[in-house]
Structure formats: C-alpha cells, structure tokens
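Chains, contacts and geometry: an overview
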Amino acid sequence: MKKPAVKSLGRSGVLLSSAALASRLLGWVRITVLIAIFGTTGQLDPLLAAFRLPDIVFGLVAAGSFSTVLVPALAGLHARGEVQRARALFASFFLLIGSVLLLLFLLAFAASDRFSEVVFAGMSIASRAEARDLSRILLFSTSLLALSSIGAAAAAAADRFVATAANGIIYNLGTIAGALIGGVAAGGFGAAVGTATGALLVFALSLRALATSPFRPSAPNLRDPMIPQLIRSLAPRIASALSVQVLFAYFIGVAAGLGPGSITLWSYAFTLLQVPLALVSSAMATAILPRASRMAAQANLSALAGITRESIGVIATIYAPMIWVGIVLAPQLVGLATGISSSAETVGQMAGLLSILLLGLCGHGVTALLMRIFYSLGDTVRPTLSDLAYDVLGVAIAALLVPKYGLAALAGALSASAWAQAALLSWQVRRRVPQLRWWDLFGQQLAPLLLALPAACAAYLLIAELDNLGVSPVTDLVRLVAGGSAAVAVYLVALFAIQPPASTPLAVALFKAVPVMRRLVRLGGARSRWSADA
C-alpha cells in the first residue's frame, strides 16, 4: 500500500514537470522565433542583454526564493490551525516586498544607462542604447513577476501548484506574441512589450490563485515576530540570487566582447539546457519543499533522508541518458530547433556549447534538490555559501580560459561549477541528515551515467550508418528519431535488468504517471520493482 504523501508528491511532481517542460519548450520556441526573425548576426543581442538588469533587480529581492521562505512558514501555521495569522503574515510580507520593489524599480530605471555602458562595453553605442531602452520596459515586467511569485508561493503552501505551473507558460507566450506581431520593424521592442503584457496576465492569475487559497490576505500585522524571521531567512537568498545574476551578467558582458551574435549563440545553448532542468529537477524540488518542511518540523530525519535518496535516484536515472545521448545528437537537435542546416557553422557552435553545458546537468539537478532540503531544515546559510562558491569558481574559470577558448570556456565554467557546488552541498547535507550515505548522494548518479554510455554509443553508431542520407531537415529528423530511439531502447534494457537504486516508491509514483513508459515496460516484460508495482 502506497503512502498518501508519496502519491500526492508524485502527482504534484508530474503537474509541475509537465508545466515546467511546457514552459521551457516555450522558452526554446521564444528564442527560436526571435532567431528566425532577427537572425544570429547580432541584431538580437541588445534584447537578450536587456534582461540582465531586470534579472538583477529580481535577485535583489530574491523573488525566485519567495516560495522557500513563505511555504515553510505558511504551511507550518496552517498545520497548527493559525490560518488568520498566516493571512496577516502573507499580507505583511506582500506589503514590505512591494515597497522595496518600487524603490528598486526607480533606482534601476535611473541607472540603466550607466549599467549598459559598463557591462556591455563590447557592444556598439547604438546597441547599448537599445539595450538600455529595452531594459526599462523589462523592469516593469520583472516587478510584476516578483509580486506574482508571492501569490504563487502562498498557493503552493496549500499544495496548489496551478499558478506556479502556468506562470512560465503565459510569460513566454506573451514574448512570442509580441515578437511575431512586431516583427523586424519593431526590433526588440515588440518582444519587450509582449513580455510586459504576459507579466500582467501572470499577475492576474496569481491574484486569482491567492483568492482561492486558505491564505487570502487580511489586515497586515507588521509586529508579528515571524516578519523579522522571514526577512532574515530571505537575506541569504538575496545574496545567493544576486550573485548568480551578477555571474550571468558577467557572462553576457564577456560574450558581448566576443563579436556580434555571440550573445545570441550563448543564450540559445543556455536556453536549451533549461528544458531538462525544468522537466525534472526544478519541478521535483518545488514539489518536495512542502513535504520536506513538514518532515523537518517533525524532526523525522529518516523520512527526510528517504525522500532525498529517492529524488536523487530519479534525477540521475532520467538525466544520465540526456547527457550522453544529448551530446551525440546535439547537431541534429540544434539544427531542427533553429531550422538551420545541421552542417552550418552556427549550428556547430551552438551544439558544441550545448554539449559542454550538458556535462553539468546532474550537478545542477542535485544542487536544486539539496538546496530545498536545506531550506526545509531552516538553513539558508549553506545554500548561499555554496552559490557564492559556484559564482567565484565560474568567474575564475571563465577569466582564465575565455581568452583561449571563447564561449566554450563559459559553458565549461558553468558545468564545472555545478558539479563543485553539488559536491559541497552533498558533504554538508550529510552533517545535517546523518541517515544519508555517500552512495545515496553519489553512487546513485554513477550507475545510470555508466549505463547510459552504451546507449549513447548505439545512437552514434546508428547515426554514422545514416551519413549517406545527406543533410536536410528531414534527414536530421530521421537521424534524431532513429538515434534517440535506439539509445532509449538500450538504456531501458540495461536499466530494468539491474533494478537501479531509483526503483523506490517515489520513482514508481512518478514513473507510473507516464502511460507511454508503462506500456514500454509491459511490452518488454521487465521484472523490476517498477513494473511489479504497476
């Protein structure tokens, strides 16, 4: 008999995974549409650069971390029956963050000109001016998204993830619509206005989700002793989020100095990396936080270790083939995604960057998960310090290698830093949750990574046999489908044959939610626990 918490977590994970995948796919569609309209020669660079200042403002209020602060606090009050206090706490938090956002918006708007001159010094004067004007429009969007994330966090505290799931989808659709309507004539301004419109719709959705949650705001109580606690908890996250956004701004600034179109190439490869991250680790980390917070509040470290162990197993099992097979199929994938021939130099550059970025996929995934475990334990210092280490190492590697290797050095810096951060957090989490073993944290990643290598070899050999088909979108699709299918078949056979460590109740719940996978297991007659529990 399955535990209700595991089944509920599986459903939440599937919802968030599906929505996150849709959002990331739309993110890919967004930048693909932009490339189709503006090309890769540098015309798109000002728009992509313009996001840096708004993202820094987003980091200054740690808007992406509101859920990690509010969810444990609101869920705890709700569990103790203090619903009215939870509503007042939410209203107070919203009022404080809204006031800070207004101030930051005004300051950033005034500083946007100087920011563009300093950070994007490698761009032309006209491009810097365009980036400045676009960033001012995007500042409005960022402020609305930050406020929206507060409402979505309150809904998530009640295990209602619809607002969280839909926000990214609506936001990306706004950008795509604006770019298509504005076209080349509007430049980046069409996409920027569309982004602002999408942010308005996201804000309206978050208000709707908030109105139907148990945490509808009441009169704020700024004297509640939990307010200073929330602010203190948020402070390390501000340092963490800000440092990451500064790192990304540094990378964009470096790319700007590597020639026209470099920002576009880098941004496209980085966007493709976000698809698997959102599909698995980000969605799972969001879904696991309320459960982990309750386990931590009850001092049930054994259960916390169990859910951590299972989640890492699922992440590694899914990401392993994505890494090796993704590297093999990168030219075809990028060629089809952009509509450009896979033999083109631009596609080769993007595929090379994507291949290097994929090497850090497991590191990024484990880091996202372990950070939520620390947040559930009320520890924000260690995740922040790990983010700072990630940023410092990334800048150091990039500064050392960019003069020789260019954009490839930026990708390598991110991947190496991701693994270093995952190792650091793994070492620290064992000190907080001694029930976790080193195998739980690293061994579960090693086995799937080794099993995925034969799958990648199968894909490579099959693609090599299809070389005589020539190069066209149709033949790229044939290679991608044939190579991917062969790799999946080989990986599934190896995976189910040895009954991997990820065959646990959580993995079963997530796995069984995908009908196609259930059919594959039944057709293969797999005798693992995954099929036995089906």
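Before reading on, note that the structure itself is shown above.
These figures come from a predicted structure and were not determined experimentally.

**A short note on the packing of aromatic side chains**
All chains considered together, the criterion is met by seven aromatic pairs. Considering the side-chain rings of Phe-90 and Phe-94, the 6.2 Å spacing of their centres and the 40 degrees angle between planes classify their relative orientation as tilted. Note that Phe-90 and Phe-94 are positioned in helix H5 (residues 83-119) at a spacing of four residues, about one turn of the helix. The class for Phe-90 is buried, based on a relative accessible area of 1%. On the accessibility criterion, Phe-94 (26% relative accessible area) is partly exposed. Aromatic side chains Tyr-250 and Phe-251 sit 6.0 Å apart centroid to centroid with 50 degrees between the ring planes, which places their arrangement in the tilted category.

**A look at the layout of surface pockets**
Picture a little ball the size of a water molecule; that probe, rolled over the atoms, points out where space is still empty. The volume enclosed by the second largest pocket comes to roughly 460 Å³. As for the second largest pocket, its lining consists of 22 residues, and the residues nearest its centre are Pro-72, Ala-73, Gly-76, Met-226 and Ser-376. Looking at the lining of the second largest pocket, the elements with two or more residues in it are helix H4 (66-79), helix H9 (226-256), helix H10 (262-297) and helix H13 (361-376). In the lining of the second largest pocket, the residues fall into ten nonpolar, nine polar and three charged.

**Focus: the pattern of salt bridges**
Under the criterion given, the structure shown has nine salt bridges. In this structure, Arg-52 engages Asp-55 in a salt bridge whose closest nitrogen and oxygen atoms are separated by 3.0 Å. A residue pair is termed a helical-turn pair when its members lie 3 or 4 positions apart in one helix, as Arg-52 and Asp-55 do in helix H3 (residues 52-60) at three residues. Note that Asp-476 and Arg-479 form a salt bridge whose closest N and O atoms lie 3.6 Å from each other. Pair noted here: Asp-476 and Arg-479 are both in helix H17 (residues 473-498), with a separation of three residues, about one helical turn. You'll find Asp-476 and Arg-479 in the same group, each marked buried.

Cut-offs and rules
Residues numbered from 1 in each chain as written. Predicted model: local features only at pLDDT ≥ 70, side-chain atom pairs only at ≥ 80, totals over all residues. Heavy atoms only, no water. Phe/Tyr/Trp six-rings, centres within 6.5 Å; stacked < 30°, edge-to-face > 60°. Helix = DSSP H or I, 4+ residues; strand = E, 2+ residues; numbered from the N terminus. Buried < 20%, exposed > 50% of the residue type's maximum accessible area, 1.4 Å probe, protein only. 1 Å grid on protein atoms, 1.4 Å probe; cavity = no way out; pocket = protein on both sides within 12 Å on 5 of 7 lines; lining within 4 Å. Points joined across faces, edges and corners; volume = space filled by probe spheres on them. Nonpolar A, V, L, I, M, F, W, Y, C, P; charged D, E, K, R; others polar. Salt bridge = Lys/Arg side-chain N within 4 Å of Asp/Glu carboxyl O.

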